[in-house]
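Structural overview
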Amino acid sequence: YGLAVSTTMTITTVIFYVVARERFRWPRSQAIALCGLFLIVDLAFLGSTLFKIPYGGWLPLAIAAAVFTVLSTWRTGRRLVGERLLRGGLELTRFIESLEHHPPTRTPGVAAYMYSGRGITPPALLAALRHTQVLPTTVLVVAVVTEDVPRVLPGRRTEITDLGSGFYEVVLHFGFTESPRVPDALAGRVAMDLGVDLGTISYVLGAESLRVTARPGMARWREHLFAVLARNATSAADYFDLPFDQTLVLGITVEL
């Protein structure tokens, strides 16, 4: 217990130095002076508890290593998935221009395609068009952005860009303490400006089917761990609070 507490105190001081420099914009000398004073005390406590490692102090270190491995694997895996998807991504404006040469059948209705990459055609949109050759009259490409503030004012929640041919790029901004309830956000400016009936809109998501490969990125055992974590993660439909009976999920294969 003493080793866990003293290590936490030391890590907290180091993190406070980063926050003081990057967020509070403290001068380096001021941040070093204050944090250095705390570190002298923290390191003294930490050094006095290191001898307890063979007698049970290894347990909190092992738990911390396991938690760090899981968190770092998840973060690296999500970054790799994003890079794999964006690497073959098609610019949204170029996609819309290509439809002018080979126009698909347009059916009445509204569909919202969820994707995190701004300005990029959602893979789910490409997959749906490839298999059905049909698009709704109004297409919303919706991206959710989490800002570095606790809450975003309602007036700054939504950005709408008219891309022509019935396509609209909608960017929804949320604070890091807010739940990204997409239907509630669309019920404001989007519903009023575009005349969208949220009761009939279809939400289309892409669900990644992960394949562990020898491609550079992560060790094979970490790729297997990430695949297990991804299978047990909360679904995007639940995270965005999408209505079950209006949501369509399309599978997309991604090689790690």
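Residues numbered from 1 in each chain as written. Predicted model: local features only at pLDDT ≥ 70, side-chain atom pairs only at ≥ 80, totals over all residues. Heavy atoms only, no water.

Right, let's talk about the layout of surface pockets for a bit. One number sums up the size of the largest pocket: a volume of about 1100 Å³. In terms of lining, the largest pocket is formed by 34 residues, of which the most central are R78, G206, E208, A236 and F240. Put simply, the parts of the chain that give the lining of the largest pocket at least two residues each are α3 (58–87), α5 (123–132), β2 (134–146), β5 (202–211), α8 (220–231), α9 (236–239) and β6 (247–255). The leading source of residues in the lining of the largest pocket is α3, at 6 residues. Here the lining of the largest pocket is built from residues that sort into 24 nonpolar, 7 polar and 3 charged. (1 Å grid on protein atoms, 1.4 Å probe; cavity = no way out; pocket = protein on both sides within 12 Å on 5 of 7 lines; lining within 4 Å. Points joined across faces, edges and corners; volume = space filled by probe spheres on them. Helix = DSSP H or I, 4+ residues; strand = E, 2+ residues; numbered from the N terminus. Nonpolar A, V, L, I, M, F, W, Y, C, P; charged D, E, K, R; others polar.)

With that out of the way, let us pick up the environment of S48. Within the element layout of this structure, S48 appears in helix α2 (residues 28–49). You can call S48 partly exposed: its relative accessible area is 38%. A polar contact is formed between the side chain of S48 and the backbone oxygen of F45, at a distance of 2.6 Å. (Buried < 20%, exposed > 50% of the residue type's maximum accessible area, 1.4 Å probe, protein only. Polar contact = N/O pair within 3.5 Å; in protein donor to acceptor, adjacent residues only side chain to side chain.)

Let us now look at the nonpolar core. Core analysis: the biggest nonpolar cluster contains 22 residues, and L140, V142, L172, V182, L186 and I201 have the highest contact counts within it. For this core, the secondary structure elements donating two or more residues are β1 (105–114), β2, β4 (167–174), α6 (182–186) and β5. It is β4 that contributes the most residues to this core, 4 residues altogether. If sequence neighbours within four positions are ignored, L172 has contacts with V142, A143, V144, V145, R157, T158, V182, A185 and L186. Counting 15 residues, the second largest nonpolar core, distinct from the first, contains A124, A128, V139 and F167. (Core = buried A, V, L, I, M, F, W, Y, C linked by side-chain atoms within 4.5 Å. Contact = heavy atoms within 4.5 Å.)

Attention shifts here to the sheet that holds β2. In space, the 6 strands of this open sheet follow the order β3-β4-β2-β1-β5-β6, with mixed pairing throughout. What marks the edges here is a single partner per strand, and that holds for β3 (158–164) and β6. Strand-to-strand, the axes of this sheet are offset by a mean angle of 25 degrees, without reference to chain direction. Examined bridge by bridge, β1 and β2 share 8 bridges and lie parallel to one another. Its bridge partner lying in β2, T105 is registered against V134. Relative to β6, α5 is tilted by about 105 degrees, and along the sheet it contacts β1, β2, β4, β5 and β6. (Pairing = 2+ DSSP bridges. Axes fitted to C-alpha atoms, helices over the stretch in contact; angles between N-to-C directions.)

Our focus in this paragraph is the packing of aromatic side chains. Here a ring pair, both rings aromatic, is described through the centre-centre distance and the interplanar angle of the planes. All chains considered together, the criterion is met by 6 aromatic pairs. Here the aromatic rings of Y239 and F240 are separated by 5.2 Å at their centres, their planes lie at 65 degrees, and the arrangement is edge-to-face. Ring pairs connect the aromatic residues F16, F24 and W26, which therefore count as one cluster. (Phe/Tyr/Trp six-rings, centres within 6.5 Å; stacked < 30°, edge-to-face > 60°.)

Here we come to the packing of helix α1 (residues 2–22) against α2. Close contact between α1 and α2 brings their axes to 8 Å; oriented N to C, the two are set at 170 degrees. When the axis of α1 is compared with that of α2, the two are roughly antiparallel. Counting all contacts with α1, which are made through G2, L3, S6, T7, M9, T10, T13, V14, F16, Y17, A20 and R21, the residues of α2 involved are R28, A31, I32, L34, C35, F38, L39, D42, L43, F45, L46 and T49. (Parallel < 35°, antiparallel > 145°, perpendicular 65-115°, else oblique.)

Attention now goes to unusual backbone geometry. Phi at R25 is positive, roughly 60 degrees, even though this residue is not glycine. Inspection of the secondary structure assignment puts R25 in the loop between α1 and α2. Notably, D241 is not glycine yet its phi reads approximately 60 degrees, a positive angle.

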